[in-house]
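# Examination of the molecular architecture
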Amino acid sequence: MLRTHTCGELNLGHCGQKVTLAGWVRRLRDLGGVIFIELRDRYGSIQVVIEPDRKDLIKKAKDIGLYYVIKVSGIVRKRPPEMVNPSMPTGDIEVEAHDLEVLNTTPPLPFLPEDDIKVQEETRLLWRFLDLRRPFMQRNLIFRHQMLQLVRNYLSSKGFLEIETPFLTKSTPEGARDFIVPSRNFPGKFYALPQSPQMYKQILMSAGFDRYFQIVRCFRDEDLRQDRQPEFTQIDLEMSFPEVEDIFSLIEGMFKLIFKELLNFDLPTPFERMTYHEAMTRFGSDKPDLRIKEEIRDLTGIFKGTSNEILRKTIEDGGKVLAIRSDRDFSRKEIEDIRQSMIKEGAKGVLYFKVQDGQFSGQLAKFIPEGINLENGFYFVIAGPDNYRTYNYLGKLRSMVLKPEETGFRFLWIYDFPLFEWNEEEQRIEPCHHMFTQPKEEHIPLLDTDPLKVIGKQYDLVLNGVEIASGSIRNHDVNLQRKIMQIIGLSEERIERNFGFLLKALEYGAPPHGGIALGFDRIVAMLLGMESIRDCIAFPKTTSAQALFENAPSEVDKKQLEELHLKIED
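Residues numbered from 1 in each chain as written. Predicted model: local features only at pLDDT ≥ 70, side-chain atom pairs only at ≥ 80, totals over all residues. Heavy atoms only, no water.

## Brief notes about the pairing of strand S3 (residues 44-50)
Among the 7 residues that make up S3, 6 are buried, leaving the element largely enclosed by the rest of the structure. What sits between the antiparallel neighbours strand S2 (residues 34-41) and S3 is a turn of 2 residues. Note: S3 against strand S5 (residues 93-104), 2 bridges, orientation parallel. If you follow Val-49 over to S5, its bridge partner there is Glu-96. (Buried < 20%, exposed > 50% of the residue type's maximum accessible area, 1.4 Å probe, protein only. Helix = DSSP H or I, 4+ residues; strand = E, 2+ residues; numbered from the N terminus. Pairing = 2+ DSSP bridges.)

## Describing the domain arrangement of the chain
Accessible area lost on assembly of the parts is the figure often given for the size of an interface. If you check the domain split of the chain, you get domain 1 (12-104), domain 2 (137-269 + 415-539) and domain 3 (293-401). Its C-alpha centre places domain 2 at a distance of 38 Å from the equivalent point of domain 3. (Domains from an automatic or database assignment.)

## What about the UniProt feature "binding site: L-aspartate" (unreviewed entry) in the chain?
Summarizing the sequence annotation, UniProt attributes the feature "binding site: L-aspartate" (unreviewed entry) to Glu-174, Arg-220, His-433 and Arg-474 in the numbering used throughout. Note on placement: His-433 falls in the loop between strand S19 (428-431) and helix H11 (446-449). If we skip the residues at most four places from it in the chain, His-433 touches Phe-417, Gln-458, Asp-460 and Ser-470. Within the structure, His-433 has its side chain in polar contact with the side chain of Asp-460 (distance 3.2 Å). (UniProt positions renumbered as here; feature names shortened; annotations may be inferred. Contact = heavy atoms within 4.5 Å. Polar contact = N/O pair within 3.5 Å; in protein donor to acceptor, adjacent residues only side chain to side chain.)

## Focus on the side chain of Arg-124
Within the secondary structure, Arg-124 sits in helix H2 (residues 121-126). With sequence-adjacent residues up to four places away left out, Arg-124 is seen in contact with Phe-111, Val-119, Asp-131, Arg-134, Met-137 and Asp-535.

## Considering the pairing of strand S13 (residues 320-326)
Most of S13 sits out of view: 6 of its 7 residues are buried. Here strand S12 (residues 297-298) pairs with S13 via 2 bridges, running antiparallel. Residue pairing for S13: Arg-297 is matched across the bridge by Ala-323. Direction of pairing for S13 relative to strand S16 (residues 377-384): antiparallel, over a ladder of 7 bridges.

## Brief notes about the environment of Ile-315
Structurally, the position occupied by Ile-315 is in helix H8 (residues 309-316). Judged by relative accessible area, Ile-315 falls into the buried class, the value being 16%. Taking the C-alpha atoms as reference points, Ile-315 and Pro-385, separated by 70 residues in sequence, lie 8.5 Å from one another. Setting aside residues no more than four positions away along its own chain, Ile-315 makes contact with Thr-300, Phe-303, Lys-304 and Val-321.

## A short note on the sheet that holds S13
Strand order in this open sheet of 5 strands is S12-S13-S16-S14-S15, and the pairing throughout is antiparallel. Strand pairing shows two members of the sheet lacking a second neighbour, S12 and strand S15 (359-361), which therefore form its edges. In the packing of helix H10 (residues 388-401) onto the sheet, contacts are made with S13 and S16, and the angle to S13 comes to roughly 10°. (Axes fitted to C-alpha atoms, helices over the stretch in contact; angles between N-to-C directions.)

## Topic: the packing of helix H12 (residues 478-487) against helix H13 (residues 492-507)
H13 packs onto H12 with a crossing angle of 160° between their chain directions and a minimal axis gap of 10 Å. Classified by the angle between their axes, H12 and H13 sit roughly antiparallel to one another. Taken as a pair, H12 and H13 cross one another with a handedness that is right-handed. Between H12 and H13, the residues in contact are Val-478, Gln-481, Arg-482, Met-485 and Gln-486 and Glu-492, Ile-495, Glu-496, Phe-499, Leu-503, Leu-506 and Glu-507, respectively. Its residues assigned to classes, the contact of H12 with H13 comprises 6 nonpolar, 2 polar and 4 charged. (Parallel < 35°, antiparallel > 145°, perpendicular 65-115°, else oblique. Left-handed = near helix turned anticlockwise from the far one by under 90°. Nonpolar A, V, L, I, M, F, W, Y, C, P; charged D, E, K, R; others polar.)

## Some details on the sheet that holds S5
Strand order in the closed barrel formed by 5 strands is S1-S2-S3-S5-S4, with mixed pairing between adjacent strands. Strand-to-strand twist across the sheet, computed as the mean angle between neighbouring axes with direction ignored, equals 55°. Bridge count between strand S4 (residues 69-78) and S5: 10 bridges; the pairing is antiparallel. By the bridge assignment for S5, Val-76 is matched with Val-95.

## Re the UniProt feature "binding site: ATP" (unreviewed entry) in the chain
Taking the numbering used here, the UniProt-annotated feature "binding site: ATP" (unreviewed entry) corresponds to Arg-220, Asp-221, Glu-222, Gln-229, Glu-467, Gly-519, Phe-520, Asp-521 and Arg-522. Take Gly-519: it is sitting in strand S22 (residues 513-519). Every residue in contact with Gly-519, bar those within four places of it in the chain, is listed here: Thr-233 and Ile-468. Judged by its relative accessible area of 0%, Phe-520 is buried. With residues up to four places along the chain from it excluded, the contact list for Phe-520 reads Arg-144, Met-147, Leu-148, Thr-233, Gln-234 and Ile-235.

## Looking at H13
Its 16 residues place the ends of H13 only 16 Å apart at the C-alpha level, less than the 22 Å of an ideal helix rising 1.5 Å per residue. Looking at H13, one finds that the buried residues are Ile-495, Asn-498, Phe-499, Gly-500, Leu-502, Leu-503, Ala-505 and Leu-506. Check the buried side of H13 and you find it contacts helix H5 (198-206), H12 and S22. Just past H13, the residue Gly-509 takes up positive phi, approximately 75°. (Expected span 1.5 Å × (residues − 1).)

## What about the packing of aromatic side chains?
In total, this model carries 21 aromatic pairs according to the counting rule given. Taken together, a centroid distance of 5.6 Å and an interplanar angle of 45° make the contact between Phe-129 and Phe-549 tilted. With Phe-129 in helix H3 (residues 128-131) and Phe-549 in the loop between helix H14 (520-528) and helix H15 (558-563), this residue pair connects regions lying 420 residues apart in the sequence. Ring centres of Tyr-276 and Phe-417 lie 5.2 Å apart, and the angle between their planes is 40°; this geometry places the pair in the tilted category. Of this pair, Tyr-276 sits in helix H7 (residues 276-283) while Phe-417 is found in the loop between strand S17 (411-415) and strand S18 (420-423), placing the two residues 141 residues apart along the sequence. If you follow Arg-328 out to its NZ or CZ, it ends over the ring of Phe-330, 4.0 Å from the centre. (Phe/Tyr/Trp six-rings, centres within 6.5 Å; stacked < 30°, edge-to-face > 60°. Lys NZ or Arg CZ within 6 Å of the ring centre and 35° of its normal.)

## Structural notes on unusual backbone geometry
Cis geometry marks the peptide bond from Thr-269 to Pro-270; its omega dihedral reads 0°. Along the polypeptide, Pro-270 turns up in the loop between helix H6 (244-263) and strand S11 (272-275). Look at the link from Ala-552 to Pro-553: it is a cis peptide, with omega at 0°. Along the chain, Pro-553 turns up in the loop between H14 and H15. The backbone phi angle of Tyr-67 is positive, close to 65°, even though this residue is not glycine. As for its placement among the helices and strands, Tyr-67 is situated in the loop between helix H1 (55-62) and S4. A residue is classified by how much of its surface remains accessible, and Tyr-67, at 3% relative accessible area, is buried. One non-glycine residue, Asp-357, lies in the positive phi region at around 50°. Among the secondary structure elements, Asp-357 is positioned in the loop between strand S14 (351-356) and S15. With relative accessibility at 60%, the residue Asp-357 sits in the exposed group.

Shown next as structure tokens:
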């Protein structure tokens, strides 16, 4: 090695020792002939001192620029008391330089790799290698590495085997769009990059590997958001013969370990559990943020028989009048902005009233009967059919007008999701999550009569209002799996073409099995308090799926296209 120690590991116990360090020049000061260099690597910083009698080193140092890469040999010594820097872990010591070598130079940097820089994210991504030198980014990636190792060791200790599944696989476009890869050897045919290892891990269960996991890259060609990337990492696992609670307790144990080892926090377990129906009717969301205490209020009884035509007709038709209460007041402009936002979400409108010490004011005040006692606050009201869509509007309203009342981490398991939902735009039944989920046994007869009432053995893990994991007990019965595929409109020809290899594995003695996949990037970001997962990924894409540093996607040579039997047409 070119160095004997790293910049961050030296302390008073090293005084008197000769050391060789290598790193980047973070600061350089010339104070009356004495030159001070702050040398940095990913482990920390150390002060290097060049005394005036070291004429050759002084001359070399005067030609050094910021963020040159240098190697320094010298003696560790204690700093004079007035020179001690308590803000630096190595602030009690310094290295008196006896030799100095420039290993590499640099042109002027577009920005300094410091935590307090003020540059656009686009610039950071364009110069990602500089951005990654920042201690902030290095801490994030080190945390990510540590969490990855904890997960890997935890699952291995529970008897799970890490088994890799293919990246070049079959296109089964039933969810998001696939990234497809043309085959040179089979003209006109394509591989797809996996959206998840879902079918492979089910096949592994049929193969007898009863506990599988993989920390795996997945690919989805979908519109991006702040917490999405076209390629992402998930903790993927599957096990044979599980009950739902087995998976819950396994994941809770994993998070308990992560929080203790990385955050020094004793995470309470078990996590709270809630059915989909309860979550929707209490919070209007299948991923509620429990740090917000306020729940949906049912005011239907108060407005029964009201003279307000909209509310009266809604109630007569069997609908609901629901409200979200806030402790704060709202201006007319804020109310109108909220109303317009909810209309964009699909609601027909938002009504409101205010309660203060038994006195009512606002839009609906005159329609509230005498003698009604309501808690003080500002009430936003939506009236609509008694269905999940109406409750969902209230959930969006809840997130819009209320803020978390506490800090910290609130985990929540949501389970008993509907197996199917109705796609209004395409006028067809589709899976609520995916078609490999097993229905509850008592609901299997409903598949033939009323499939939209079927509840599946599906579960999500929610943290502070964000879905961080999703899983289910799978269909191990090939006939049941085939029936579900038929219900969502897949023809026999398409079932065999796209999923025949999975059905074959199920048919030949697949055991009952289930699993879960956790969004690793998102979890790392949340535990670090980052708003964007791009700050927790070494080389992320932009929200338009571009890699600015590498300039991808890019055009390719005509010869490459010809070899793949492809042609670009205008």
